[in-house]
Amino acid sequence: MTRYLIALRRGFVLAGLALVGLIPLACVLIALVFICTGVLIWFAPPVIEYSRRHVNRMRRVAAELTGVELPIPYKPEPPEPEREADGWYREGNSLYRTSKWVRVNRRIEWVFEDPATFRDGMWLVLNPFVGLLLPLATLFTGPVAVRAYGRWLHGRLSRTTTFQGLRWLNRHGEAFGHLMGFLAVSILQFLFGLCVLCTIITPIGAGTTVAYRKFVNMLRDATGKWSGVEIEVPYLPEPRFPVARPDGLYQLGKQLYESPWWPALVNRMVWVQRDRATWRDLAAGVLIPLVSLAAVAAPFAFVTVAWWPPFDPAFPVWARIVLPFVLTGLGFACSPPWLARAVARFARLLLGPTEASRLALRVERLERTRTDASAAQAAELRRIERDLHDGVQSRLVAMGMKLGALEALIDRDPEKAKEMAAELRRNSSDTLTELRDLVRGVHPPVLTERGLGDAVRALALDSPLRVEVSVELPGRAEPPVEACAYFAVSELLGNAVKHGQAERATVSLGFERGRLIVAVTDSGRGGANPARGSGLRGIERRLGAFDGKLTVESPPGGPTAVRLEIPCQLEPSSPRTSTCSETD
C-alpha cells in the first residue's frame, strides 16, 4: 500500500511538471517566430537554452522519481570567437568588427542544428498530454505507470526503443508536429511572397527576392530534417559583376555606363525575374499552405475539441477525463508519418530544381572549377620548377664544381681527394632522396604500382595518427582520379594533425553508383570550414576538375567527417576488401 501511495504522489508531481513545461514550450514557439521573421533573432538562443535548463531539471526529477536514467544528449557549446590578425572577426565569408554577431550566429547554429533541440521541442508538445494521463494511470497500476512514464521519457529524449504503444504515439505525435510546422512556415512563406510580388519589378526587387530565397531555403532544410525528403536548391547561378571594357566603360546591351552599379542592378533584376524557380517559389507559397491545411485539418480538429471547450457537465466524471485523451489519440491517428512525407514530397515538386536549372548550375560549376584547376595546375608547375631550381639543380651544380676540384686534387693531395669524394657521395645520396621526395609529391610510385588502397595504407603508416583504413573497391579508377583521392586523403590527415589536434582517424574507400566514395573522420576539435581558405578549399578545386563533391561536417568540439564523391569508372578486377589499423 505504501508503494502504491508513493507512486500516486509521484504521478501528480510529474503531471505538475508537465504543465509547467507549457511555459518553455511557449517561449520556444516565440523563438521560432523570431528566427523565421528575422525579428529579435538574437533572442532565440537564450530562450532555447532556458527550455533546455527546464528539460534538464525534468530529467533529474524524473530520473529520481521513476528510477530510469536519462542522459543529457546535447552537443558541446561552440567556442568563443577569435580575433584575426587584421583585427576582424570572421564567420564564413563575412567579417565583423565585434564578436557579438559571430557569437550569436554560432549559438543559433548550435541550438537549431542539434537534433536534441528538436526532440526536446516534440517532448514539450507531447508531455502535457501524457503527463496529465499519468495520475489516472497510477490509480489503476501504481508504480508500473510511473516506471512506464520514465521509459517513455527515455525513449522520447534519447531516441532509444520503447514498447510498441509508445512508439506509435511518438511517430504519430512527431508527424502531427511536422504537419503543424509545415503549415506555420508555409503561411509565413505566403506572407513574405506577397511582399516579393509587390516589389519584384522595382529596383529593390532583387534584394527582397534574395532574402525570400533564404527564407525558402530554411523551409527546404526543415523539410529534410522533419520528413527525410531532401529538396535541392534550384536557383540559377548569380550573374557576375560587370567587367570594364578597354575604354573603362561598362556595357549593358547597347548602352555604356561609367559606373558598374546600374548594369549590376539590372543584371540581378533580370536574373531573379527570368529564373523559373522564383515563380515556382511564389506559387509554392500559395499551394503549400492549402495542402498543409488540408492535411492537418482533421487531427487539429480532434486535438482542439479534446482540450479547448469543456464537455457537458452532464457527462460522467470518468468520461470527461477519458474523452480528451481518446480524441487526442484519434487526432494523432489522423496524422500518420506517411502524410507528413506526402506533404514534403508535394513541396519538393514545387521547390525542387528542374532539369534546366540542374544543367545551368552544373555548367557554371564546371566553368568555375575549370578555371580553378588551370590556376592550380599552373601553380603546381611553378612549385616544381622552383623546387628543382632551388634544390636539386643547385646541388648538382655544386657537385659539378667539386668534381672539378677533385680532379685537381687527385695527384697533389690524394687524402684530401678521398675526403672530397666521400662528401660528394653523401651529397649525391641527399640529392637522390630530395629528388625522390619531389617525384613522390608529383605522383607517388606506390600509387602507380599498387593502387589507391595500398597508397592510402602507406599514408596511414607515415601519419602520426592512429589511422584505420577500410578499402572496398572492385577495381582501379583512372590514374588522375586516384591521384586526386590520394592527395585529398593526405591533406585531410595533415589537417587532422595540424589544425584538429586529433589522435585517431578512419579512412574508408568505396564505390557506389558510379562514384568513388572517400570518407575521412578524425577525433579532432572540429570547426573545419572550406570557406576559410584552408586546405579544404584546395581539395574542392581538385574535385572540381572531375565534377566531384565535397561534404564537410565539423561541429565545434568535433568530430570532423569529410566525404568525397568523384564520378568515375573502375577497371574490372577481382574484388578486394580489407581493413587494417596502424598505430604511430
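Quick caveat, the model's predicted, so the values are computed rather than measured.

## Considering the overall build of the protein
Thinking step 1. Assigned secondary structure in the protein consists of 18 helices and ten strands.
Thinking step 2. Looking at the protein as a whole, 40% of its 584 residues are labelled buried.
Thinking step 3. Put simply, 71% of the contacts in the protein that link residues at least 6 apart link residues at least 24 apart.
Thinking step 4. A total of about 32,200 Å² of accessible surface is found on the protein, and carbon and sulfur atoms cover 61% of it.

## Some thoughts on the nonpolar core
Thinking step 1. If you look at the biggest cluster of nonpolar residues, it comprises 51 residues, and the most contacted ones within it are L14, W123, Y149, W152, L153, L179 and L351.
Thinking step 2. The set of elements that each furnish at least two residues to this core consists of α1 (2-20), α3 (44-66), α5 (115-141), α6 (143-158), α7 (164-199), α8 (205-227), α10 (276-307) and α12 (337-351).
Thinking step 3. Grouped together as the second largest cluster of nonpolar side chains are 39 residues, L447, V469, L493 and A496 included.

## Looking at a nonpolar patch on the surface
Thinking step 1. On the surface, I187, F190, L191, L194, V286, L287 and L290 cluster together into a nonpolar patch covering about 570 Å² of accessible area.
Thinking step 2. Elements with a contribution of two residues or more to the nonpolar patch: α7 and α10.
Thinking step 3. It is α7 that contributes the most residues to the nonpolar patch, four residues altogether.
Thinking step 4. With respect to the secondary-structure elements, L194 resides in helix α7.

## Topic: the pairing of strand β8 (residues 549-553)
Thinking step 1. Sheet topology places β8 next to strand β9 (residues 560-567); five bridges connect them, and they run antiparallel. Across the sheet, residue K549 finds its bridge partner in β9, namely E565.
Thinking step 2. Between the end of β8 and the start of β9, which pair antiparallel, lie six residues, with G557 showing a positive phi angle near 95°.

## Thoughts on the pattern of salt bridges
Thinking step 1. Within this structure, the stated rule accounts for ten salt bridges.
Thinking step 2. A salt bridge links D454 to R457, with the nearest nitrogen and oxygen atoms 2.6 Å apart. On the criterion of helical spacing, the pair formed by D454 and R457 is a turn pair, its members being three residues apart in helix α16 (residues 452-462).
Thinking step 3. Look at R457 and you get buried, because its relative accessible area is 14%.
Thinking step 4. For the salt bridge of R515 with E565, the shortest nitrogen-to-oxygen distance reads 3.9 Å. Placement of R515 in strand β7 (residues 515-522) and of E565 in strand β9 is noted, with a sequence separation of 50 residues between them.
Thinking step 5. We classify R515 as partly exposed; its relative accessible area is 28%.
Thinking step 6. On the accessibility criterion, E565 (15% relative accessible area) is buried.
Thinking step 7. Through salt bridges with shared partners, a single ionic network connects E512, R515, R563 and E565.

## Some thoughts on α8
Thinking step 1. Under the 1.5 Å per step criterion, the end-to-end length of α8 is 32 Å for 23 residues, consistent within 8% with the ideal 33 Å.
Thinking step 2. G228, located one to two residues past α8, shows a positive phi value of around 80°.

## What to know about the side chain of D281
Thinking step 1. As for its position among the elements, D281 is in helix α10.
Thinking step 2. Aside from chain neighbours lying at most four places away, what touches D281 is Q189, Y212, R213, V216, R220, Y235 and L351.

## Description of the packing of aromatic side chains
Thinking step 1. This structure, assessed with the given rule, holds four aromatic pairs.
Thinking step 2. On the basis of an interplanar angle of 70° and a centroid distance of 5.3 Å, the ring pair of F241 and W261 is categorised as edge-to-face. One end of the pair, F241, is in the loop between α8 and β3 (250-252); the other, W261, is in helix α9 (residues 261-274), and 20 residues separate them in sequence.
Thinking step 3. Seen from their ring centres, Y486 and F487 are 5.3 Å apart, and the 80° between their planes marks the pair as edge-to-face.

## Some points on a negative patch on the surface
Thinking step 1. Together, E109, E113, D221 and E230 line one region of the surface with negative charge.
Thinking step 2. Relative to the helices and strands, E109 resides in helix α4 (residues 100-112).
Thinking step 3. On the accessibility criterion, E109 (40% relative accessible area) is partly exposed.

## Remarks on unusual backbone geometry
Thinking step 1. Unusually for a residue other than glycine, R513 sits at a positive phi of about 50°.
Thinking step 2. Its place among the elements puts R513 in the loop between β6 (504-512) and β7.

## Remarks on the environment of H499
Thinking step 1. Here H499 shows up in the loop between α17 (479-498) and β6.
Thinking step 2. A relative accessible area of 42% places H499 in the partly exposed class.
Thinking step 3. In this structure, the C-alpha to C-alpha distance between H499 and R525, residues 26 residues apart in sequence, is 8.4 Å.

## Details of the packing of α3 against α5
Thinking step 1. Running from N to C, α3 and α5 cross one another at 65°; their axes reach a closest spacing of 11 Å. In terms of axis orientation, α3 runs roughly perpendicular to α5. The hand of the α3/α5 crossing is left-handed. Contacts between α3 and α5 involve I48, S51, R52, H54, V55, M58 and R59 from the first element and T117, D120, W123, L124 and N127 from the second.

## Quick notes on α16
Residues three or four positions apart in an α-helix share a direction because the helix packs 3.6 residues into each turn.
Thinking step 1. With respect to burial, α16 is a largely interior element, eight of its eleven residues being buried.
Thinking step 2. All of the buried residues along α16 are L452, G453, D454, A455, V456, R457, L459 and A460.

## With respect to the confidence of the model for the protein
Thinking step 1. On average, residues of the protein carry a pLDDT of 77, and 81% of them reach 70 or more.
Thinking step 2. Put simply, strand β10 (residues 571-582) is where the protein has its lowest mean pLDDT, 49, and β7 is where it has its highest, 90.
Thinking step 3. Counting interchain partners and residues more than four positions distant, the pLDDT-below-50 stretch residues 160-165 has eight contacts.
Thinking step 4. Between residues 574-584, whose pLDDT stays under 50, and residues either more than four places distant or in other chains, the model counts 32 contacts.

## Some points on the environment of L349
Thinking step 1. In this structure, L349 sits in helix α12.
Thinking step 2. Spatially, the C-alpha atom of L349 lies 9.1 Å from that of A284, the residues being 65 residues apart in sequence.

## Here's the deal with the pairing of β6
Thinking step 1. Taken together, the six bridges between strand β5 (residues 466-476) and β6 define a ladder with parallel strand orientation. Residue pairing for β6: R466 is matched across the bridge by R504.
Thinking step 2. Between the parallel elements β5 and β6, the chain passes through α17 in a crossover that is left-handed.
Thinking step 3. Of the strand pairs in this sheet, β6 and β7 are connected by eight bridges, and their pairing is antiparallel. By the bridge assignment, E512 is partnered in β7 with R515.
Thinking step 4. Hairpin connection from β6 to β7: two residues lie between these consecutive antiparallel strands, with R513 at a positive phi of about 50°.

Criteria and cut-off values
Residues numbered from 1 in each chain as written. Predicted model: local features only at pLDDT ≥ 70, side-chain atom pairs only at ≥ 80, totals over all residues. Heavy atoms only, no water. Helix = DSSP H or I, 4+ residues; strand = E, 2+ residues; numbered from the N terminus. Buried < 20%, exposed > 50% of the residue type's maximum accessible area, 1.4 Å probe, protein only. Contact = heavy atoms within 4.5 Å. Areas by Shrake-Rupley, 256 points an atom, 1.4 Å probe, with all protein chains shown as cover. Core = buried A, V, L, I, M, F, W, Y, C linked by side-chain atoms within 4.5 Å. Patch = residues over 30% accessible without salt bridge, like charges linked within 9 Å, V, L, I, M, F, W, Y side chains within 5 Å. Salt bridge = Lys/Arg side-chain N within 4 Å of Asp/Glu carboxyl O. Pairing = 2+ DSSP bridges. Expected span 1.5 Å × (residues − 1). Phe/Tyr/Trp six-rings, centres within 6.5 Å; stacked < 30°, edge-to-face > 60°. Lys, Arg positive; Asp, Glu negative; His and termini not counted. Charge placed at Lys NZ, Arg CZ, Asp CG, Glu CD. Axes fitted to C-alpha atoms, helices over the stretch in contact; angles between N-to-C directions. Parallel < 35°, antiparallel > 145°, perpendicular 65-115°, else oblique. Left-handed = near helix turned anticlockwise from the far one by under 90°. pLDDT = per-residue confidence, 0-100. Right-handed = clockwise from strand over helix to strand, strands pointing away.

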